[in-house]
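# Structural overview for review
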Amino acid sequence: MIRIRPAEPPDDDTLAAIDADTWSPLVTPAPARAPGEPFFTAWTSPEDVLVAEVDGQVAGYVMLHQSLPLPSHAHVLELNGLAVAPGHQGQGLGRRLVEAAQQEARRRGATKLTLRVLAPNARARRLYEAAGFRVEGVLHGEFALAGGLVDDVLMAWHGV
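Here is a short report on the structure shown in this document.

Scoring rules and cut-offs
Residues numbered from 1 in each chain as written. Predicted model: local features only at pLDDT ≥ 70, side-chain atom pairs only at ≥ 80, totals over all residues. Heavy atoms only, no water. Helix = DSSP H or I, 4+ residues; strand = E, 2+ residues; numbered from the N terminus. Rg over C-alpha atoms; globule rule 2.2 N^0.38 Å. Buried < 20%, exposed > 50% of the residue type's maximum accessible area, 1.4 Å probe, protein only. Contact = heavy atoms within 4.5 Å. Lys, Arg positive; Asp, Glu negative; His and termini not counted. Charge placed at Lys NZ, Arg CZ, Asp CG, Glu CD. Core = buried A, V, L, I, M, F, W, Y, C linked by side-chain atoms within 4.5 Å. Pairing = 2+ DSSP bridges. Axes fitted to C-alpha atoms, helices over the stretch in contact; angles between N-to-C directions. Phe/Tyr/Trp six-rings, centres within 6.5 Å; stacked < 30°, edge-to-face > 60°. Right-handed = clockwise from strand over helix to strand, strands pointing away.

### Considering the overall build of the chain
Check the secondary structure of the chain and you find three helices and seven strands. Reading the chain from its N end, one meets helices and strands in the order β-α-β-β-β-α-β-α-β-β. Its C-alpha atoms give the chain a radius of gyration of 15 Å, within 12% of the compact-globule value 15 Å for 160 residues. Dimensions of the chain, computed from C-alpha atoms along their principal axes, come out at roughly 40 × 40 × 30 Å. Across the 160 residues of the chain, 40% fall into the buried class. Counting only contacts in the chain whose residues sit at least 6 apart along the sequence, the fraction spanning at least 24 positions is 63%. One finds the centroid of the 14 positive side-chain charges in the chain at a distance of 8 Å from the centroid of its 19 negative side-chain charges.

Okay, structure coming up:
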């Protein structure tokens, strides 16, 4: 049984573990979370996160936030984190989380949901494209990762 719900403070350790288990320079330019570092911080609160539970156990998450806190940008939210625990990948949880993020964006009054994905992350790009996201731009050579320059692909979903 899969259930998508808002994150809660007690999810912190599990979400940090999922982050640690899924981190790779091929999927994120951010450094790995230090062991013991909390998932929820001043930048990420439980209200920003939806979790996927499988049989009552947290197995993945998606994060949404307002990237530019300006009234003229209030209609845009950013999907700025998606991860599924390795033992649950390939079961449709990522798709369910993206769909839940789209529904949450609509609920919050957003008409556009953006994200950034590294060009080599073909699996994530296919997931986002299948959910209706389209490429809006590419930042060429944006990150120096794993000994080379990597493009950052800007994608958006217009949920109007």
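### Concerning the nonpolar core
One finds Leu79, Leu113, Leu115, Val117, Tyr128, Phe133 and Met155 to be the most contacted residues of the largest nonpolar core, which totals 27 residues. Those elements that provide at least two residues to this core are β2 (49–54), β3 (57–65), β4 (76–84), α2 (93–107), β5 (112–118), α3 (122–130) and β7 (148–158). A total of six residues in this core trace back to one element, the largest contributor, which is α2. Residues contacting Met155, with those up to four places away along its chain left out, are Leu113, Thr114, Leu115, Val117, Arg125, Tyr128, Glu129, Phe133, Arg134, Val135 and Glu136.

### A word on the sheet that holds strand β6 (residues 134–145)
Taken together, seven strands build an open sheet; the order of strands is β1-β2-β3-β4-β5-β7-β6 and the sheet is mixed. What marks the edges here is a single partner per strand, and that holds for β1 (2–6) and β6. Strand-to-strand, the axes of this sheet are offset by a mean angle of 25°, without reference to chain direction. Bridge count for β3 against β4 is six bridges, and the pairing is antiparallel. The partner of Val62 across the bridge, within β4, is Leu82. α2 rests against β1, β2, β3, β4, β5 and β7 of the sheet, and its axis sits at about 160° to β4. α3 contacts β4, β5, β6 and β7 of the sheet and is inclined by roughly 160° relative to β5.

### Observations concerning the packing of aromatic side chains
In this description, an aromatic ring pair is defined by two values, namely the gap between the centres and the angle between the planes. For the structure shown, the criterion picks out three aromatic pairs. Ring geometry for Phe39 and Phe40: centres 5.3 Å apart, planes at 85°, overall edge-to-face. Judged by its relative accessible area of 2%, Phe39 is buried. Among the aromatic residues, those joined into a cluster by ring pairs are Phe39, Phe40 and Tyr61.

### Brief notes about unusual backbone geometry
Despite not being glycine, Asp55 shows a phi value in the positive range, around 50°. The residue Asp55 is located in the loop between β2 and β3 in this model. Despite not being glycine, Ala146 has its phi angle at roughly 50°, a positive value. Note on placement: Ala146 falls in the loop between β6 and β7.

### Quick word on the pairing of β5
Burial runs high along β5: five of the seven residues are buried. Here β4 runs beside β5; their pairing, made up of three bridges, is parallel. By the bridge assignment, Glu78 is partnered in β5 with Thr114. Since β4 and β5 lie parallel, the crossover through α2 that links them has a hand, and here it is right-handed. Relative to β7, β5 is paired through seven bridges, and the arrangement is antiparallel. Within β7, the residue paired with Leu118 across the bridge is Asp152.

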